[in-house]
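An overview of the molecular structure
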Amino acid sequence: MSGSRRRTQVAIIGAGPAGMLLAHLLRQADVDCVVIERRDRDYVEGRVRAGVLEQVTVDLMARLGLDRRLREEGLVHTGTNLACDGEVFRIDMAALTGGSAVVVYGQQEVMRDLFDAAGPRGVEIMFDAHDAALHDIGSPQPYVTWRQDGLEHRLDCDVIAGCDGFHGVSRTSIPAEALATFERVYPFGWLGVLAEAPPCDHELIYSNHERGFALASMRSPTRSRYYIQCSLDQRIEDWPDDRFWDELCLRLGRSAGGRVTRSPSFEKSIAPLRSFVTEPMRYGRLFLAGDAAHIVPPTGAKGLNLAASDVIMLSEAVTEYYRTGSDAAFDRYSDRALARVWKAERFSWWFTGLTHRFPDMTGFDRRMQTAELAYIRGSRAAQTVMAENYVGLPLE
Ligand code: RFL
Ligand code: PHB
C-alpha cells in the first residue's frame, strides 16, 4: 500500500550521533531535513557505547545550545593514565596541550539531549522505518523509500546523508567499483561492564597487562564502566560477575585493582575491534558520515568524535551549496573529512597495538610494548604526542 510522498532538502539515514547532530546543525542553518531511523528511540538511546568527548564535540553541543546537562554533569578530565603490569603513570593532557581536556559524558546522555530537543526545534525523525532504500544517488534528484506502519513512503531530496552506521544501507548502496575500503580486523574483542559503583580512580586507566588489556572508565562519580580484552569465541555467559571482577583487578594491578568496587553489573556486552575506512565518503549526492564511513577500535575513544567532526564538515558543505548553488563544497567534503579520519585511525590503531595482547605475540613483541610504555613514561615529547591525539586534533 502506498503511504506518503513528500520532499525535503536533506534526507538523513540513521538517528545515531552522526544523524542527529547533523539534523540539529541543518535545522540551525534553516535547511530542511528528515531523519529516517530503523529502530525506536529507546533502542538508540539505550545503547551503551562511547564515554569520552573531545573538545570538538563539546564545542558542537555548545554551539547547538544543547550543552546544559553536559556542563552540569560531564566530568572534565585533564589527564589520563597508562599502566604497564600494574604500574600506573599519568599523562597530564592539559599541561601538555596548552589546556585541552576531554569530558566524560556518555553517548546515551548525548542521544537523550539530541532527542529531547528534536521535537521543540522541528527536527523530524521517522522511527521504526524499515527497509530504507536509496534511489538515484548518482543524480541531483535522489530519493529514499521505506516501509512504516505497513505503508510505503517516499522522500524526494537534494542530498542524502548516510549516517546509518557500519551495518547500514547507505555505504552498500554505492556501486562497489566506486569505493576503496581499507580494513584491519583485530583478533580479540572488548567485554564491557557497567556497574552502579564509584569508579576505582577519578580518571581513566588504560592498562597493558601480560594477560591482556583492561580499561577503567566511568559514567559518573557513582557509575563505573570497565572493559577487558577477551577472545572472540567467548560469550557473555562465560563471564559471570565474579570472574570479570577477578580478571579486571588482576589486569589493573594491585593499586587500582584494589580500589575496584565489585557491585552487580547491569550491562555486559562483547564488542569486536576493527579499523575500517571507505574512500571516498561520497557518491554523487550521497554523503557518508560517522561509522557508515569508518570504524576505529575504541581504544582511542574516537568513534563518536569522528562522527561529530564529519557532520560539522558535511553541514558546512550543504549550507554552502544552498548559499551558492555550487557543488564545489560537496567536492571538498570527502577529502577534508578523510584527512582527520586517517589521523584518528592511526592513533587508535597505534594505541590498540601498544596496549593489547595479540595471539601471535612473541616475547620480543611484548618487550617492544613495555619498552615503548617506559619511553612514554619518561619522555615529555612522547607524552605530548599521546596527549594531543587523545584530546583530539583540530578541525582543519
Ligand atoms: P551509529 O551510532 O551506529 O548510528 C547509526 C544509526 O543508524 C541506524 N540504522 C538505520 N536506519 C535506517 N535504515 C537503515 N537501514 C539503518 N541501518 C542502521 C541505526 O539503528 C543507528 O541508530 O553510528 P554513528 O551515528 O555514526 O555514531 C557512531 C558512534 O555510535 C560510534 O562511533 C561510537 O559509539 C564508538 N565508540 C566510542 N566513540 C567515542 O568517541 N568515544 C568512546 O569512548 C567510544 N567508546 C564506542 C566506544 C563504541 C563501542 N562499541 C560497542 C562499538 C565503546 C564501545 C564498546
Ligand atoms: C567508555 O567509557 O566507554 C570508554 C572510554 C574510553 C575509551 C573507550 C570507551 O577509549
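Keep in mind the model is a prediction, meaning the values are calculated, not measured. (Residues numbered from 1 in each chain as written. Chains lettered and ligands numbered in written order. Predicted model: local features only at pLDDT ≥ 70, side-chain atom pairs only at ≥ 80, totals over all residues. Heavy atoms only, no water.)

Details of the overall build of the protein
What counts here: Under the scheme used here, helices are H or I runs from DSSP no shorter than 4 residues and strands are E runs no shorter than 2 residues, and both carry numbers assigned from the N terminus. Burial classes follow relative accessibility: with a 1.4 Å probe on protein chains only, a residue under 20% of its type's maximum area counts as buried, one over 50% as exposed, and anything between as partly exposed. Residues count as neighbours in contact if any of their non-hydrogen atoms are within 4.5 Å of one another. Throughout, the Shrake-Rupley method with a 1.4 Å probe supplies accessible areas, and for residues the shown protein chains are the sole cover considered.
Scanning the protein for helices and strands turns up 12 helices and 21 strands. Here the protein holds 396 residues, and the buried ones make up 56% of them. Within the protein, counting contacts between residues at least 6 apart in sequence, those at least 24 apart form 72% of the total. Accessible surface, the protein: about 16,400 Å² in total, of which carbon and sulfur atoms supply 50%.

Thoughts on the environment of C200
Within the element layout of this structure, C200 appears in the loop between β14 (180–195) and β15 (205–208). A relative accessible area of 5% places C200 in the buried class. Sequence-wise, C200 and D136 are 64 residues apart; in three dimensions their C-alpha atoms are separated by 53 Å. Apart from residues no more than four positions distant in its own chain, C200 is found in contact with I205, A216, Y226, L252, A256, R259 and V260.

Considerations on the domain arrangement of the protein
Inclusion rule: The domain limits used here are those given by an automatic or database domain assignment. Accessible surface is computed with a 1.4 Å probe, and the buried area is the amount of it that two parts give up when combined, taken over both parts together. Each salt bridge in this description consists of a side-chain nitrogen of Lys or Arg and a carboxyl oxygen of Asp or Glu lying within 4 Å of one another. Polar contacts here mean pairs of N or O atoms no more than 3.5 Å apart (in protein, one a potential hydrogen donor and the other a potential acceptor; neighbouring residues in sequence count only if both atoms are side-chain atoms). Each residue is assigned to one class: nonpolar for Ala, Val, Leu, Ile, Met, Phe, Trp, Tyr, Cys and Pro, charged for Asp, Glu, Lys and Arg, and polar for all the others, Gly among them.
The assigned domain composition of the protein is domain 1 (2–75 + 105–182 + 274–351) and domain 2 (186–273 + 357–391). Look at where the C-alpha atoms of domain 1 and domain 2 centre, and you get two points 30 Å apart. Each partner contributes residues to the interface: domain 1 has 22 residues there, and domain 2 has 21 residues. If you sort the residues of domain 1 by the area they bury against domain 2, V48, L75 and W350 come out on top, with a joint share of 28%. Taken together, domain 1 and domain 2 are joined by 0 salt bridges. At the surface where domain 1 touches domain 2, the tally comes to 6 residue pairs in polar contact (both at pLDDT 80 or more). Within the residue set of the side of domain 1 that touches domain 2, elements represented by two or more residues are β18 (265–279) and α10 (328–355). With 5 residues, α10 is the single largest residue contributor to the side of domain 1 that touches domain 2. Partitioning the side of domain 1 that touches domain 2 into residue classes produces 11 nonpolar, 6 polar and 5 charged.

Concerning the site of ligand 2
Let me state the cut-off plainly: When at least one non-hydrogen atom of a residue lies within 4 Å of a molecule or strand, that residue is treated as near it.
Taken together, 14 residues surround ligand 2, and among them Y206, S217, R219, Y227 and P298 come closest. Between ligand 2 and the protein, one listed contact pairs an oxygen atom with a backbone N or O atom of R49 at 3.4 Å. Within the side chain of Y206, one N or O atom sits 2.7 Å away from an oxygen atom of ligand 2. Elements with a minimum of two residues in the shell around ligand 2: β16 (214–220) and β17 (223–230). Class assignment of the residues belonging to the shell around ligand 2 gives a composition of 8 nonpolar, 3 polar and 3 charged. For the shell around ligand 2, the two domains that each supply at least three residues are domain 1 (2–75 + 105–182 + 274–351) and domain 2 (186–273 + 357–391).

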